[in-house]
Every structure is written in C-alpha cells, then in structure tokens.
Amino acid sequence: FSVPLVANEVTGSLLSLLDRVMLKHVLHDFAPVGVFAIGAGLAATLNSVINQTMSLAFTQVSVRQYALDGAAAVVRTKRDTLRIMVYACALLVSGLACAGRDFMVLLSGHDKGASVPVFIMIGCCYVIYGLVDLCGSGLLLLQRSKTLLGLNISATLLNAGLNLLL
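What counts, and where the lines are drawn
- Residues numbered from 1 in each chain as written.
- Predicted model: local features only at pLDDT ≥ 70, side-chain atom pairs only at ≥ 80, totals over all residues.
- Heavy atoms only, no water.
- Helix = DSSP H or I, 4+ residues; strand = E, 2+ residues; numbered from the N terminus.
- Buried < 20%, exposed > 50% of the residue type's maximum accessible area, 1.4 Å probe, protein only.
- Contact = heavy atoms within 4.5 Å.
- Areas by Shrake-Rupley, 256 points an atom, 1.4 Å probe, with all protein chains shown as cover.
- Axes fitted to C-alpha atoms, helices over the stretch in contact; angles between N-to-C directions.
- Parallel < 35°, antiparallel > 145°, perpendicular 65-115°, else oblique.
- Left-handed = near helix turned anticlockwise from the far one by under 90°.
- Nonpolar A, V, L, I, M, F, W, Y, C, P; charged D, E, K, R; others polar.
- Core = buried A, V, L, I, M, F, W, Y, C linked by side-chain atoms within 4.5 Å.
- Phe/Tyr/Trp six-rings, centres within 6.5 Å; stacked < 30°, edge-to-face > 60°.
- Lys NZ or Arg CZ within 6 Å of the ring centre and 35° of its normal.
- Salt bridge = Lys/Arg side-chain N within 4 Å of Asp/Glu carboxyl O.

A. Summary view of the overall build of the protein. Along the backbone of the protein there are five helices and zero strands. N-terminal to C-terminal, the α/β element order of the protein is α-α-α-α-α. The dimensions of the protein, computed from C-alpha atoms along their principal axes, are 55 × 35 × 20 Å. Residues counted as buried form 30% of the 166 residues belonging to the protein. Taking as baseline every contact in the protein between residues at least 6 positions apart, the subset at least 24 positions apart corresponds to 72%. Put simply, the protein shows about 10,400 Å² of open surface, and 70% of that area lies on carbon and sulfur atoms.

B. Spotlight on the packing of helix α2 (residues 31-69) against helix α3 (residues 71-108). With their axes 12 Å apart at the nearest point, α2 and α3 run at an angle of 170° to one another. Considered as vectors, α2 and α3 are oriented roughly antiparallel to each other. At the point where α2 passes α3, the crossing takes the right-handed sense. Taken together, the residues of the contact of α2 with α3 break down into 17 nonpolar, six polar and two charged.

C. Just the nonpolar core, in detail. In terms of nonpolar packing, the biggest core is built from 19 residues, with Leu96, Phe119 and Ile122 touching the most fellow members. Elements supplying a minimum of two residues to this core: α2, α3 and α4 (116-141). At nine residues, the largest contribution of residues to this core is made by α4. Apart from residues no more than four positions distant in its own chain, Ile122 is found in contact with Phe36, Ala40 and Ala43.

D. Just the packing of α4 against helix α5 (residues 145-165), in detail. Closest axis-to-axis distance for the α4/α5 pair is 7 Å, and the angle between their directions is 140°. In this view, α4 runs oblique relative to α5, as classed from their interaxial angle. Taking contact as the criterion, the partners of Gly136, Leu139 and Leu140 in α4 are, on α5, Thr147, Leu148 and Leu151. Of the residues in the contact of α4 with α5, the class split is four nonpolar, two polar and no charged.

E. Spatial organisation of the packing of aromatic side chains. Applying the stated rule across the entire model yields one aromatic pair. Between Phe103 and Phe119, the ring centres sit 6.1 Å apart and the planes meet at 35°, which makes this aromatic pair tilted. Of this pair, Phe103 sits in helix α3 while Phe119 is found in helix α4, placing the two residues 16 residues apart along the sequence. For Phe103, a relative accessible area of 34% translates into the label partly exposed. In this arrangement the basic side chain of Lys24 is found over the ring face of Phe30, its NZ or CZ atom lying 4.7 Å from the centre.

F. Spotlight on the pattern of salt bridges. Counting across every chain of the model gives two salt bridges. Asp80 serves as the salt-bridge partner of Arg83, at 3.2 Å between the closest nitrogen and oxygen. Residue Arg83 and its partner Asp80 are both found in helix α3; the two are separated by three residues, about one turn of the helix. The exposure class of Arg83 is exposed, given its relative accessible area of 51%. A salt bridge links Asp111 to Lys112, with the shortest nitrogen-to-oxygen separation between them at 3.1 Å. For Lys112, a relative accessible area of 27% translates into the label partly exposed.

Right under this line is the structure:
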C-alpha cells in the first residue's frame, strides 16, 4: 500500500519541477525560468495555505468517519464539504483574476511584476486542484494507492507532452 504512495510523491515532485526544466530546455535562457519560479513559488504558498490545510483536516475527519460510520458517512461529509469548496474556489479564482496583480506586488514588490501572470494562472490551478484532491481522497480510504500513482504519472506525462507541443 505505501510503496506506490512514495512513488506518487516522487512523481508529484517531478510534476512540479518539470515546467522549469522544460522552460530552460526550450528557451535556452535562465531569465524566464527565474520569472516562472517566482510566480510559481508564491502560488505554491497558496497551495500550502489553502489546499494542504484542507487536505490534512479532511483526511483526519474522513478516516475517523470511515472507521466509525462507514463509507456512506464519508460520502455525506464529502458532498457537504465539496458544496462549500466549490463556492470558495469560485471566489478565490475570481479574486486572483481581479486582484492577483495587487496581491503579488504586495507579497513580493514591484520588481517582480513580470511574474504576475504566472502567479495568477498557477494560483488558479492550485485553487481548482483543491477540489480535485478532495474528490480523490476516497481512493486512499479504499487503499487504491496504485490508482493514485497512475493518475499522477498520467498528469506528469500529459504536462510534459503539452510543454513539448506548446
């Protein structure tokens, strides 16, 4: 059960670093990689604050509910949580679209302005990923770690393919 989860974490790390390697390879210059890294790094902070916190909290609740009340209780809680999360994600994506530039400048200063589009796009992706992560959390309860690994490997290969294509 745990070996695919270790491979899943390694694949997730590769997925998050693949864009930087592809940028350097395609553009043959480190300057765009630096601009990308600043925006992506600040967006990753959003991911840590919002998604990882939510994931840790929901995992604790769902594991306990699954052990005490079964899968039906977890499904009810997940539906209630997703109902709220959809609205929260819509608000956060709208907020990033409208005020992402100001938020980025507030966090990093005016000299990092070139990273704003990266911050907004990756920030929106991270916010939406929170919904996807919450939907897939049941796979861990059912000990489907190989399915999670397959999904993550597919996402990494898709990311690499789209980077080469675009």
